[in-house]
Amino acid sequence: MLSLIINKNLLFKLSLLFLMILFFSCKKTESPYFKIRVIDQETKLGVPMVGLVPLSQEKYYTDSNGFIAFREPGLMNKKVYFEVLSEGYEYPLSLEGKRSVNLFCKPGDSVVVKVRRKSVAERLYRSTGLGIYRDSKLLEEDIPIENPLINAEVLGQDSNLATLYRGKIFWVWGDTFLPPHYNGNFSVAAATSLLPQDGGLDPNMGVNYKYFVNNNGESKSMIKLKKPGYVWFDWIATLKDKEGNEKLYAKYANVNAYFQNYERGIAIFNDDKELFESYKNIPQWLDETHTCHHPFKGFENEKEFIYFTSVFDFKKVEAKIEKVVSPNDYYAFTCLKEGTKFDPDNVQLDRDSNGKLIYGWKRNSDPIGIRNQENLIASGKIDPHEAWLQLTDITTGDRVTEISRGSISWNSFRKKWIMISGAKDIWFSEADTPLGPWVYARKVAQHKSFFYNPTHHSFLDQNGGKDIFFEGTFTKFLSEEERVPGYDYNQLVYKLSLDNTQVYLPSAIYKVKDQYHFAENLNRDSIDIEEISFFAMPPDREIEGLIPVYQSKDKLLSLVGNKILFYAVPRDIEERNKFLGTWETQLDFPHFDNTFNITIKKENENFAATSNKKDFMITKFDLKADSINITITHPLGVYELEANTSGGNLDGTWSDGSINGKWEGTLTSKKWWGLFSDSLVDLYEFSNGNEVYYSSGLKPKKGFKKASKPLCKVWKNPSSQIITGFDIIPQKY
């Protein structure tokens, strides 16, 4: 009987132990991490490369999902102050005047931090390097790519080139860092991936690269030449051989430590060896500087050409390998005399008998791109209005001279050629032809130092070209800023939606036979353009604040009618409306809380301003078309502030009568700043009783009289040249 009782007690204890083990094994172990996710307050998607910095100055950056797996032993289970740092995004100013957040960092807990996007383009993810989704992996979050921590041992990669080849995307990079030593793969890295429609990832999520690797699983050198040094590709492109087979070619440069060329030539990809091999060494190219090009193909008079457009150094060659390897068969778009090179001290410009510059495709000549054009203007050899590149910031009216390497491609949604270019800030522009007219542009991504060799991958376009994707190399390598771990010297991918009004740009209005047309309405078989009169907003791009302009059958323009010709700015637009909204502002005076918000509203045609802080009481307020003046009463004194605004920024000064300083601010809401651009001009009607024309010029032609009031405001055409390339027909993917 006693043994039975003992056995029952033992059985009970064993059963209880089993249930306890089962309970604790089923219970999910509490995460040791405090999960922070930073999201775009507009899209609700995670934002990569946002830094959270506590006062101890360690820096924690979000991964490509926007996550930080925070586990700093000395800062857990307590409230922690973090400064929020990001390029192209910002956290709202706190009452203390800092872009900062206070978080209680408890293991297993989570928080969402919302940031405001300043850039038009969305930063999606980093596509190369170590730990792309490191924090997501630690937090056991969903990860879209197959190799989230490291792929082919790649730590960093420079300058991407890509094209479609045999049904896949063929990717090429420059210098590539690998773990074993500093000199990793400096002779071209490459990979392939599937197109989204063939099973590849949605470009919103990422790219699954299948790298070409060596026996150690490392990204391998894709070309082997006899001499040491770096090997870089200027471009890659496909061509058909005589049998119609697709071949992949590249223009290469073999350079020494001083970046001087050992060898220049064309290489061909050997599919069996999975290597590029020198196809032809071309000594005539030895004096050329390496430049990344992202060529497109097009047709002229039924001949197929390859066009190279980076930095607007336009060249073309017939799309045949025997032409590609022949330097004498290349044409440059230039205003130099045919057969001449660009010599700043002895420029041989091509002018007609009336002194007009002659632009065209010319053999054995140097192109006139952005850099050479700016040199000619600065030296007084050409007038600014003679330049064929007139890129202008639509938000401010300022000339854009920081255009650098980039890409140009046909866009089916806009039905225009679009440009992505820059070396720090990235610009978007569009034109009716690849030659122009290139005039208005919009900054779409902002960086503090370097984001270079950007390119738009048109083969990834979505929704008929409405959504485009571009990437570039992010680095602090040549700056004094601290490098961003993981992100530095790697590729960042952005998305730009072309139905966003922020990238709506005015288009050229062409005068043909006394009528005014957009390019879409021109008769392409017989184009005889009299002038590019001005720029206006196409009828499918309605923006609040613009008014419709109509053209009647008798060729007259008016503000009433049935069919809209274009949208324009009202002639009597209230310039002070540019100040409406809430501005985050800051004085460069560190001895007291130096930030405050100003909200400017309009009530019954009167403007009023209020501050968000009692210590910054606005006691006087005056608003003019281009400036704001306020008086602030503060516990430490009375301060006079004045500023101008341009493109959503306040730039001004403050004074208390004895001390002066800077006053700056940023508008927190979005506005289409083309309404207030300095490029706006009045459009007048001129008539002689029988004929009518429209111009922004104030001086009428002989026998014509100007109307007493302008019809509206339009955006000026700053060029006296008519430069187009309507004969270039794009080859589409």
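Residues numbered from 1 in each chain as written. Predicted model: local features only at pLDDT ≥ 70, side-chain atom pairs only at ≥ 80, totals over all residues. Heavy atoms only, no water.

Undergrad: Before we go on, may I ask you to explain the overall build of the chain in this structure?
TA: For the chain, the helix and strand inventory stands at four helices and 51 strands. A burial count over the chain gives 53% of its 733 residues as buried. Restricting to contacts in the chain with at least 6 residues of sequence separation, those with at least 24 account for 58%. With the model as given, the accessible surface of the chain reaches about 34,800 Å², and the carbon-plus-sulfur share is 49%. Here the chain contributes 91 positively and 95 negatively charged side chains, and the mean placements of these two sets differ by 2 Å. (Helix = DSSP H or I, 4+ residues; strand = E, 2+ residues; numbered from the N terminus. Buried < 20%, exposed > 50% of the residue type's maximum accessible area, 1.4 Å probe, protein only. Contact = heavy atoms within 4.5 Å. Areas by Shrake-Rupley, 256 points an atom, 1.4 Å probe, with all protein chains shown as cover. Lys, Arg positive; Asp, Glu negative; His and termini not counted. Charge placed at Lys NZ, Arg CZ, Asp CG, Glu CD.)

Undergrad: Quick question: what am I supposed to make of helix α4 (residues 370-378) here?
TA: Three or four residues apart is the spacing at which side chains of an α-helix point the same way, because the helix has 3.6 residues per turn. Among all positions of α4, only I370, N372, Q373, E374, L376 and I377 are buried. Two residues or fewer past α4, G380 is found with a positive phi of approximately 80°.

Undergrad: What should I look at first to understand unusual backbone geometry in this one?
TA: With the exception of glycine, the majority of residues adopt a negative phi angle, and the majority of peptide bonds are in the trans configuration. In this structure, the amide linkage connecting G436 to the following residue, P437, adopts the cis form with an omega of 5°. Within the secondary structure, P437 sits in the loop between β28 (426-431) and β29 (438-445). We note that F312 has phi near 60°; this positive angle belongs to a residue other than glycine. For F312, the position within the fold is in the loop between β21 (303-308) and β22 (315-318). Overall, F312 belongs to the buried group, its relative accessible area being 3%. Positive phi, normally seen in glycine, also occurs at N364, with a value near 50°. Position of N364 relative to the elements: it lies in the loop between β24 (360-363) and α4. Judged by relative accessible area, which is 36%, N364 ranks as partly exposed.

Undergrad: Explanation requested: empty space enclosed by the protein in the structure shown.
TA: Rolled over the atoms, a probe sized like a water molecule indicates the empty space that remains. If you walk through the whole model with that rule in mind, you get five cavities of 30 Å³ or more. The computed volume of the largest cavity comes to approximately 160 Å³. Taken together, 20 residues line the largest cavity, and the ones lying closest to its centre are S127, I132, I145, N147 and N151. Here the residues of the lining of the largest cavity are counted per class, giving 11 nonpolar, seven polar and two charged. (1 Å grid on protein atoms, 1.4 Å probe; cavity = no way out; pocket = protein on both sides within 12 Å on 5 of 7 lines; lining within 4 Å. Points joined across faces, edges and corners; volume = space filled by probe spheres on them. Nonpolar A, V, L, I, M, F, W, Y, C, P; charged D, E, K, R; others polar.)

Undergrad: Whenever I open this one, the side chain of E300 confuses me. Can you help?
TA: Along the chain, E300 turns up in strand β20 (residues 296-300). In this structure E300 touches F305, Y307, K316, W361, D727 and I728, once residues within four positions along its chain are discounted.

Undergrad: Can you help me understand the sheet that holds strand β40 (residues 595-603) in this one?
TA: Neighbouring strands of a sheet are bound in pairs by backbone hydrogen bonds; such pairs are parallel or else antiparallel. Pairing in this open sheet of eight strands is antiparallel, and the strands run β41-β40-β39-β46-β45-β44-β43-β42 from one edge to the other. With one partner strand each, in any of the chains shown, β41 (606-611) and β42 (617-623) form the two edges of the open sheet. Here the average twist between neighbouring strands, direction ignored, is 25°. For β42 and strand β43 (residues 627-634), the ladder comprises six bridges, and the chain directions are antiparallel. Residue pairing for β43: I618 is matched across the bridge by I632. (Pairing = 2+ DSSP bridges. Axes fitted to C-alpha atoms, helices over the stretch in contact; angles between N-to-C directions.)

Undergrad: Looking at this structure, I do not really get the pattern of salt bridges. What am I missing?
TA: Side-chain pairing between opposite charges can occur once the charged atoms of the two side chains come close. Inspection of every chain in the model, using the stated rule, returns 41 salt bridges. The partner of R116 in a salt bridge is E584, and the shortest N-O contact between them spans 3.0 Å. Of this pair, R116 sits in strand β8 (residues 110-117) while E584 is found in strand β39 (residues 581-587), placing the two residues 468 residues apart along the sequence. The exposure class assigned to R116 is buried, which follows from its relative accessible area of 11%. The salt bridge partner of D234 is R264, with a shortest N-O separation of 2.9 Å. One end of the pair, D234, is in strand β16 (residues 230-240); the other, R264, is in strand β18 (residues 261-270), and 30 residues separate them in sequence. On the accessibility criterion, R264 (0% relative accessible area) is buried. A single salt-bridge network, built from bridges that share partners, covers D40, E42, R117 and K670. (Salt bridge = Lys/Arg side-chain N within 4 Å of Asp/Glu carboxyl O.)

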